[in-house]
Amino acid sequence: MRRGILKAVLSLLLVLVSIAYPLFTLTVKAQGEDKFPWLSELEKLTTERDVTLVVITRHEQSIQTLSANLFLQSPVAQRLGIKNIQWLYVAAEQWPDYIQKAKERGRPIDVAWGGGPTLFNHLYSLGILSPIDNSTNPEHSAILYELTKLPEKIAGSSTYLRGEDGKIYWIGASISSFGFTINKKTLTTYGLPEPASWDDLTNPIYAKYLPTLPMIGLADPEKSTSNTRIFEIILQAKGWENGWRTLTLMAANAKVYSGSGDVRDAVITGDIAIGTTIDFYGYMAQKQNPSCKYIAPSGETIVNSDPIALVKGSSHPVHAAAFIAWVLSEWGGQQVWLDPDISRLPINPLIFNTPAGAVRQDLKDAIEYIRSMKAIDFNETLSSAWVWSVIYYFKATLINAHNDLQSAWASIAQAYLDGKITKEQFDTLVAKLTEPIEFRDPVTGNTVKFTLEYALTINDKLSDSSIRQSLMTQWEQKARERYMSAYNLLQDMMKGEEGRQVNWPLIIGSIVLVIVVLLAYIYVSRSRGRK
């Protein structure tokens, strides 16, 4: 009797499963078709399954982890048989060699994601990126479909790169502006003003506690593409010479961190009061600490798109195209930016029509804010032409020689704040501290200065390690000599041996007074003699 009942129950379960499974499969497919209408076509283009995609990136761990979790659970990954994502977090300057060596090892990289337009423009110029062309690669239709949802420009900046052949080579996956994040509580604690511009960060008031307690933080441009972009913005906004003056004094006021994430964390904890950051690090800081506030300097920032692209020679071109399309979709990777611990600005405006996007009104408001902000017309061609010169000169003169720079600046700033030197003397010392360096060009043997023209001329040659090392060694040494020279000039001023100001009005007034007294004495003496 019991066996009969058990057999009947099992039979019923089998019937239910046989009915439910197709319905479940149809439901999953229906969900996929509803949100990713290109998915069925991609399924037809490949039978390959159990795929691991290789993605080279500048995105930090939190973005990698959440993106992988959401993607691998999506119908896109499940129906195309993508089982894993292998992330390669590689320094920006190493990408070209790393991508080439991966190809030579027989495990080519499929997708490049994150790192900024300058990096991706460089990859394009080297022929590393694959064009998005659905006439030869039908799987690219999925990417082009998602591209139709995106604005062509944001605050005057293009959201994708169209090559000389008219084809698209990278597409922005998120929006970025650049500025600094402040900790209002820390500023108040130390009696410091709230900055509004880049030049505000050069104010000697922020050197008040140097060298013991820097109030500003910035990141090594060799390790941070976002801080590199900030430094380039300053150079383009202010011009070459004035820009380097601003960068030198900012660095003099600052503590140098390895990466931009470290700068952000130091602002959040209050270890520093101000840190140079990309916008989403600022929004992340605001979420974690209400005392934090992100500021984009008006008229001195840019808005750009952070790219994603197909790498030429991918082993899994259909799966790679699917991943990129998913990243651009409001039902896919755009959801990553909504996470409170990431809080980046999505590039697809349809994200705010989804349930998850509807609760992030703050990000929607931030996008509207940057759309309306006054931004500079950033020249990407110029950036690509000078970027390595900027990175290595900054590294040699402002980071490698940072101790000497900050020591000299701390003494100069404190002397000025204490009233021991005049404004005129202070300006003389700043000019000395920030004047262009003279050095020997290892290519020509001529003595030159680090002008814009020289930076453009030497930029591509810096890939030669012998030239790069020769220049960086000279730049660092000459920078240290310059900082010491400024410090010595301060000491001379303090002793009155140099820069002593002659108070001519007081001297002339004293002479006139002596003459008047003398004449009065003579007049009185003569008057008495007549009597």
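Conventions and cut-offs
- Residues numbered from 1 in each chain as written.
- Predicted model: local features only at pLDDT ≥ 70, side-chain atom pairs only at ≥ 80, totals over all residues.
- Heavy atoms only, no water.
- Helix = DSSP H or I, 4+ residues; strand = E, 2+ residues; numbered from the N terminus.
- Buried < 20%, exposed > 50% of the residue type's maximum accessible area, 1.4 Å probe, protein only.
- Contact = heavy atoms within 4.5 Å.
- Areas by Shrake-Rupley, 256 points an atom, 1.4 Å probe, with all protein chains shown as cover.
- pLDDT = per-residue confidence, 0-100.
- Pairing = 2+ DSSP bridges.
- Core = buried A, V, L, I, M, F, W, Y, C linked by side-chain atoms within 4.5 Å.
- Polar contact = N/O pair within 3.5 Å; in protein donor to acceptor, adjacent residues only side chain to side chain.
- Patch = residues over 30% accessible without salt bridge, like charges linked within 9 Å, V, L, I, M, F, W, Y side chains within 5 Å.
- Salt bridge = Lys/Arg side-chain N within 4 Å of Asp/Glu carboxyl O.
- Expected span 1.5 Å × (residues − 1).
- Axes fitted to C-alpha atoms, helices over the stretch in contact; angles between N-to-C directions.
- Parallel < 35°, antiparallel > 145°, perpendicular 65-115°, else oblique.
- Left-handed = near helix turned anticlockwise from the far one by under 90°.
- Nonpolar A, V, L, I, M, F, W, Y, C, P; charged D, E, K, R; others polar.
- Phe/Tyr/Trp six-rings, centres within 6.5 Å; stacked < 30°, edge-to-face > 60°.

Explain the overall build of the protein here, please?
What the protein contains, in helices and strands, is 21 helices and 15 strands. With 531 residues in all, the protein has 52% of them scored as buried. A separation of at least 24 residues holds for 75% of the contacts in the protein among residues at least 6 apart in sequence. Of the roughly 24500 Å² of accessible surface on the protein, 54% is carried by carbon and sulfur atoms.

Quick question: what am I supposed to make of the confidence of the model for the protein here?
For the protein, per-residue confidence averages 91 on the pLDDT scale, and 89% of positions sit at 70 or higher. Every residue in residues 12-29 is under pLDDT 50, and counting partners more than four places away or in other chains gives four contacts.

Quick question: what am I supposed to make of the side chain of Thr277 here?
Positionally, Thr277 belongs in strand β10 (residues 274-278). Contact partners of Thr277, with chain neighbours within four places excluded, come to Phe178, Gly179, Phe180, Thr181, Ile230, Val263, Arg264, Gly282 and Tyr294.

Is there a simple way to explain the pairing of strand β8 (residues 216-219) in this structure?
On a regular strand, one side chain projects to one face of the sheet and the next to the other, so that they alternate. Here β8 shows two buried faces, one formed by Ile216 and Leu218 and the other by Gly217 and Ala219. As paired strands, β8 and β10 are joined by two bridges and run parallel to one another. Residue Ile216 lies in a different strand from β10, and its bridge partner there is Ile274.

What am I meant to see in the nonpolar core here?
General note: in soluble globular proteins, nonpolar side chains tend to be found buried as a group. Counting 136 residues, the largest nonpolar core has Trp113, Trp244, Phe323, Trp409 and Trp475 as the members making the most contacts within it. Considering each element in turn, this core owes the most residues, 11 residues, to helix α16 (residues 380-400).

What's the story with the environment of Thr354 in this structure? I'm lost.
Here Thr354 shows up in the loop between β13 (345-346) and α14 (355-358). Taking the relative accessible area as the measure of exposure, Thr354 reaches 1% and is therefore buried. Note: C-alpha distance between Thr354 and Glu330 (24 residues apart in sequence) is 7.5 Å. Setting aside chain neighbours within four positions, we find Thr354 in contact with Glu330, Trp331 and Gln335. A distance of 3.1 Å separates a polar atom in the side chain of Thr354 from the backbone nitrogen of Gly357.

Which parts of the structure should I look at to understand unusual backbone geometry?
Glycine aside, residues mostly have negative phi angles, and peptide bonds mostly take the trans form. Of note, the amide linkage connecting Leu210 to Pro211 takes the cis form, showing an omega dihedral of -5°. Secondary-structure assignment places Pro211 in the loop between α8 (184-189) and β8. One non-glycine residue, Asp50, lies in the positive phi region at around 55°. Counting through the fold element by element, Asp50 comes out in the loop between α2 (39-45) and β1 (51-57). Unusually for a residue other than glycine, Ser343 sits at a positive phi of about 50°. Along the chain, Ser343 falls in the loop between α13 (317-328) and β13.

Which parts of the structure should I look at to understand helix α11 (residues 260-269)?
Helical geometry note: an α-helix holds 3.6 residues per turn, so side chains three or four residues apart project in the same direction. Within α11, seven of the 10 residues are buried, which leaves the element mostly enclosed by the surrounding structure. Taken together, the buried positions of α11 are occupied by Ser260, Gly261, Val263, Arg264, Ala266, Val267 and Ile268. Gly270 lies just past α11 and shows a positive phi near 85°.

Can you help me understand a nonpolar patch on the surface in this one?
Side chains of Ile511, Ile515, Leu518, Leu519 and Ile522 sit close together on the surface and give an oily, nonpolar patch of about 450 Å² of accessible area. Residue placement: Leu519 occurs in helix α21 (residues 504-530).

It is not clear to me how the pattern of salt bridges should be interpreted in this structure. Could you clarify?
One side chain can pair with another of opposite charge once the charged atoms of both are near each other. Applying the stated rule across the entire model yields 21 salt bridges. A salt bridge links Lys238 to Asp199, with the nearest nitrogen and oxygen atoms 3.1 Å apart. Taken as a pair, Lys238 in helix α9 (residues 225-238) and Asp199 in the loop between α8 and β8 lie far apart in primary sequence, 39 residues in all. Classification of Lys238 by relative accessible area gives buried; the value is 18%.

Would you mind going over the environment of Gly127 with me for this structure?
Tracing the backbone shows Gly127 in the loop between α6 (117-125) and α7 (140-147). Owing to a relative accessible area of 33%, Gly127 belongs among the partly exposed residues under this scheme. Sequence separation of Gly127 and Lys312 is 185 residues, and the distance between their C-alpha atoms is 8.1 Å.

Teacher, can you tell me more about helix α20 (residues 465-495) here?
For α20, with 31 residues, the first-to-last C-alpha span of 45 Å sits near the 45 Å given by 1.5 Å per residue. Among all positions of α20, only Ile467, Leu471, Met472, Gln474, Trp475, Ala479, Arg482, Tyr483, Ala486, Leu489, Leu490 and Met493 are buried. For α20, the secondary structure elements touched by its buried residues are α16, α17 (402-417), α18 (423-434), β14 (438-440) and α19 (452-458).

How should the packing of α17 against α20 be read in this particular structure?
When two helices pack together, you describe them by how their axes are tilted relative to each other and by the distance separating the axes. Following both chains from N to C, one finds α17 and α20 inclined at 25°, their axes separated by 9 Å at the closest point. Overall, the two elements α17 and α20 adopt an arrangement that is roughly parallel. Along this stretch, α17 crosses α20, giving a crossing that reads as left-handed. The segment α17 lies against α20, with Asp404, Leu405, Ala408, Ser411, Ile412 and Ala415 engaging Arg480, Tyr483, Ala486, Tyr487, Leu490 and Met494. Of the residues assigned to the contact of α17 with α20, the class counts are nine nonpolar, one polar and two charged.

Quick question: what am I supposed to make of the packing of aromatic side chains here?
What describes a pair of aromatic rings is the distance from one ring centre to the other and the angle between the planes of the rings. If you walk through the whole model with that rule in mind, you get 28 aromatic pairs. Consider the rings of Trp244 and Phe394, whose centres lie 6.4 Å apart with planes at 45°: the pair is tilted. Taken together, the residues Trp244 in helix α10 (residues 240-253) and Phe394 in helix α16 connect sequence positions 150 residues apart. When sorted by exposure, Trp244 lands in the same class as Phe394, which is buried. Ring centres 4.7 Å apart and planes at 55° place the aromatic pair Phe280 and Tyr281 in the tilted group. A single burial state applies to Phe280 and to Tyr281, both of which are buried. Three or more aromatic residues link up through ring pairs in this structure, and these residues are Phe231, Trp240, Trp244, Trp386, Tyr393, Phe394, Phe439, Phe450, Tyr454 and Trp475.

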